Structures are given as C-alpha cells and as structure tokens.
Amino acid sequence: MRQLNSRLSILDIWVDPVTKVEALERVRDFLISGNRPHSIFASNPEKNFSVPKDPELYDCYKNADLLLPDGIGVVMAARKLYDAQIERVPGAEFIFDICEFASVNDFSIFIYGAKEEVNKRSAEILADRYPTLNIAGRANGYVQEDKMEQLVAEINDSEADIIFVGLGSPQQEKWFSDWSGRLNNIRVVQGIGGTLDTIGGSVRRAPEFWCRHNLEWFYRLISEPARLKRQRVLPIFAYRVMKEWLFRTKGEIGRLDG
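Residues numbered from 1 in each chain as written. Predicted model: local features only at pLDDT ≥ 70, side-chain atom pairs only at ≥ 80, totals over all residues. Heavy atoms only, no water.

Peer 1: Quick question: what am I supposed to make of the overall build of the protein chain here?
Peer 2: Of regular secondary structure, the protein chain possesses 13 helices and eight strands. Taking all 258 residues of the protein chain together, the buried fraction comes to 47%. Of the roughly 13500 Å² of accessible surface on the protein chain, a fraction of 51% belongs to carbon and sulfur atoms. (Helix = DSSP H or I, 4+ residues; strand = E, 2+ residues; numbered from the N terminus. Buried < 20%, exposed > 50% of the residue type's maximum accessible area, 1.4 Å probe, protein only. Areas by Shrake-Rupley, 256 points an atom, 1.4 Å probe, with all protein chains shown as cover.)

What follows is the structure, encoded as structure tokens:
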C-alpha cells in the first residue's frame, strides 16, 4: 500500500499533489523499481460522492499508488485548503505521456476496454503516434467473467509492463482489486474510463481552448446534456470546500487570538 503522508485529503477522498512531470516521475519509479502492479486512478469532484458509498471502491482509492488530480475542482480545492503546488493532470491526456515514456524507454503496454472496434482503432492510433511503442496485446471490455482467467493469462503471456484499463468506474478499480495479485509482469495499471472512446471512437474531447481554460467539464455538459445528472454535484462540492476552508480559517484565527 502506498504511503499516504504526502497525499491530500479533499473532503471525503484524496489526491496526490503532483504536476504532470511529477506524476510521470512516479510512473518511472513504478516501472523501474517496482515489484508489483501499481494503480493509477483519477480524482475529481464526482468521485467525492461516489467513492465513499462503495466500501470496495473506497479501499481501492485509499490504497491507490497514484491519484491524479484529474478534475479542476479537486485542483482548486487543494490550492484553497492546502496552498498546494498542484496542476490538473487529466487521465485522458496522461495515457499519452505514459505511452511516449514507454516508447522511448522500451516498456510495453496492454490495452483493455471499450468495444472491439474502438479498442482496435485505439491501438492503431497509438501505434501510429508512437512508432516505437510496443503494444504487447489488447482485449475489448466485454470479456465475460468466466473468461477472465484466460484474459489474465493472456496479459501475463504478453509480458506487458503497463496495462490501460478502460472499463469505467467502478468496474476498472474493482477489476484491479480482484486481479492485480495475478498479474505477473505488470507494474503500472491506469484506469482510463472512457478514454479509448476519445482516442479511437466517436466521442470528441473538448477543443484546446476549453481545455486550456479548465472548462472541459462545461464543454462536455453542453455537448452531452445527459451529464447534468452527474455534474450537478459540482456546486455542492464547491460549497463543501468553501465551508471546510471557512471552518479551518476560523479555527486558525481562534488559535492566534488565544
């Protein structure tokens, strides 16, 4: 289990106070000096409400090796509550950073998740983008439970160092919890949610302007109104963060006055 001394508690979840460069340095350490699969999951405001409700998911996050500051809400909360030097590291972008690092340093990857055509197309796109990247294997996200042993054997036979698991949350975290102990060579497991759909499918990420100004969440909302149900927790999250900040500020003032 990862040491939590540098991890920040943001309301009911956690985040690692890292920049993209620092996050990639952690991945390097996992690959070079690690002797087990290391989990990388995304931390964002939505997770603050979903993770505590599921004990298994909660344990996955608590014991994760790297919790990326995926959402701007978490980044702003970390800065407000801890004055942390932190920047947004979207999981949908971090997969490319890992692939670039792997291609240069001779580490291989396995791609697991999404529909067959999307999975296949994603592998082709990554291969085109990183010609020296070793894609040791891939499998779509519709493997039945009675075939999971076979999939794990395939992953082991591939001798891949890294696996990207795109099953969505909480399925991908629970897959790691159930099967990580059976992965022989894997050293990095990144849960990537629906990222394969943005790489090889029909789902578009927000244009650069929206991403650069940390408004990707708003772009996705107006592009996919059905996300309103999920994103309605954002103002609640912001309110709770401000309430926590005021509580801490009041306590600090009280100590100074005393």
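Peer 1: Explain the nonpolar core to me, please; I cannot follow it from the model alone.
Peer 2: Of all hydrophobic cores here, the largest spans 31 residues; its most connected members are Ile 40, Phe 94, Cys 99, Ile 109, Leu 126, Ile 162 and Phe 164. For this core, the elements supplying multiple residues, two or more each, are α1 (20-33), β4 (66-69), α5 (91-105), β5 (108-113), α6 (116-129), β7 (162-166) and α9 (195-200). Apart from the residues lying within four places of it in its own chain, the contact partners of Ile 109 are Cys 99, Ala 102, Leu 126, Leu 133, Asn 134, Ile 135, Ala 136, Gly 137, Ala 160, Ile 162 and Phe 164. With 25 residues, the next largest nonpolar core counts Ile 13, Cys 60, Phe 110 and Tyr 112 among its residues. (Core = buried A, V, L, I, M, F, W, Y, C linked by side-chain atoms within 4.5 Å. Contact = heavy atoms within 4.5 Å.)

Peer 1: Help me understand the pattern of salt bridges, please; the structure alone is not making it clear to me.
Peer 2: It is possible for side chains of opposite charge to pair when their charged atoms get near one another. Under the counting rule described, the total for this entry stands at 11 salt bridges. In this structure, the salt-bridge partner of Asp 16 is Arg 26, at a minimum N-O distance of 3.4 Å. Pair noted here: Asp 16 is in the loop between β2 (13-15) and α1 and Arg 26 is in helix α1, with a separation of 10 residues, a long-range link. Residue Asp 16 is classed as buried on the basis of its relative accessible area of 0%. (Salt bridge = Lys/Arg side-chain N within 4 Å of Asp/Glu carboxyl O.)

Peer 1: What am I meant to see in α5 here?
Peer 2: Three- or four-residue spacings in an α-helix give side chains the same orientation, since the helix completes a turn every 3.6 residues. Taking 1.5 Å of rise per residue, the 15 residues of α5 would be expected to cover 21 Å, and the 21 Å separating its terminal C-alpha atoms lies within 8% of that figure. A large share of α5 lies buried, amounting to 11 of its 15 residues. Along α5, the positions that sit buried rather than exposed are Gly 91, Ala 92, Phe 94, Ile 95, Phe 96, Asp 97, Ile 98, Cys 99, Phe 101, Ala 102 and Ser 103. Backbone geometry just after α5 places Asp 106 at a positive phi near 65°. (Expected span 1.5 Å × (residues − 1).)

Peer 1: What is the right way to look at α6 in this model?
Peer 2: The terminal C-alpha atoms of α6 lie 20 Å apart, and with 14 residues this matches the ideal 20 Å at 1.5 Å per residue to within 8%. Every buried residue belonging to α6 is among Val 118, Asn 119, Ser 122, Ala 123 and Leu 126, and all of these are buried. Projection of α6 onto a plane perpendicular to its axis shows the buried side chains occupying an angular sector of 135°, all on one side. Across from the buried face of α6, at angles greater than 90 degrees, the exposed residues are Glu 117 and Asp 128. (Arc of directions from axis to C-beta.)

Peer 1: For this particular structure, what's the right way to read the packing of helix α3 (residues 55-62) against helix α8 (residues 171-179)?
Peer 2: For any two helices packed against each other, one specifies the crossing angle of their axes together with the interaxial distance. Where α3 contacts α8, the two axes come as close as 9 Å, and the packing angle between them is 80°. Accordingly, the angle class assigned to the pair α3 and α8 is roughly perpendicular. The segment α3 lies against α8, with Glu 56, Leu 57, Cys 60 and Tyr 61 engaging Glu 173, Lys 174, Ser 177 and Asp 178. A breakdown of the residues in the contact of α3 with α8 according to their chemical character gives three nonpolar, one polar and four charged. (Axes fitted to C-alpha atoms, helices over the stretch in contact; angles between N-to-C directions. Parallel < 35°, antiparallel > 145°, perpendicular 65-115°, else oblique. Nonpolar A, V, L, I, M, F, W, Y, C, P; charged D, E, K, R; others polar.)

Peer 1: Help me out: how do you make sense of the packing of aromatic side chains in this one?
Peer 2: The geometry of two aromatic rings is summed up by the distance between their centres and the angle between their planes. In total, this model carries five aromatic pairs according to the counting rule given. Summarising the aromatic geometry, the rings of Phe 41 and Tyr 61 are spaced 5.6 Å apart at their centres and angled 35° between planes, so their arrangement reads as tilted. Remark: Tyr 61 occurs in helix α3 and Phe 41 occurs in strand β3 (residues 38-43); sequence separation between them is 20 residues. There is no split in this pair, since Phe 41 and Tyr 61 are both buried. An aromatic cluster is defined as three or more aromatic residues linked by ring pairs; in this entry it consists of Phe 41, Tyr 61 and Phe 176. Directly above the ring of Tyr 82 sits Arg 248, whose terminal nitrogen or CZ lies 4.8 Å from the centroid. (Phe/Tyr/Trp six-rings, centres within 6.5 Å; stacked < 30°, edge-to-face > 60°. Lys NZ or Arg CZ within 6 Å of the ring centre and 35° of its normal.)

Peer 1: Where do I start with the environment of Ile 192 in this structure?
Peer 2: Mapped onto the secondary structure, Ile 192 falls in the loop between β8 (188-191) and α9. Assessed through its relative accessible area of 5%, Ile 192 is described here as buried. Other than its neighbours up to four places away in sequence, Ile 192 contacts Ile 95, Phe 164, Val 165, Gly 166 and Gln 172.

Peer 1: Would you explain the sheet that holds strand β6 (residues 134-139) in this entry?
Peer 2: Each strand in a sheet pairs with its neighbour through backbone hydrogen bonds, running either in the same direction (parallel) or in the opposite one (antiparallel). Taken in spatial order, the six strands of this open sheet run β4-β3-β8-β7-β5-β6, and their pairing is parallel. Each edge of the sheet is formed by a strand with only one pairing partner; in this case those strands are β4 and β6. This sheet shows a mean twist of 20° between the axes of neighbouring strands, independent of strand direction. Note that β3 and β4 share four bridges and pair parallel. Counterpart to Phe 41 in the pairing with β4 is Leu 67. Lying on the sheet, α6 is in contact with β5 and β6; it crosses β6 at an angle near 175°. (Pairing = 2+ DSSP bridges.)

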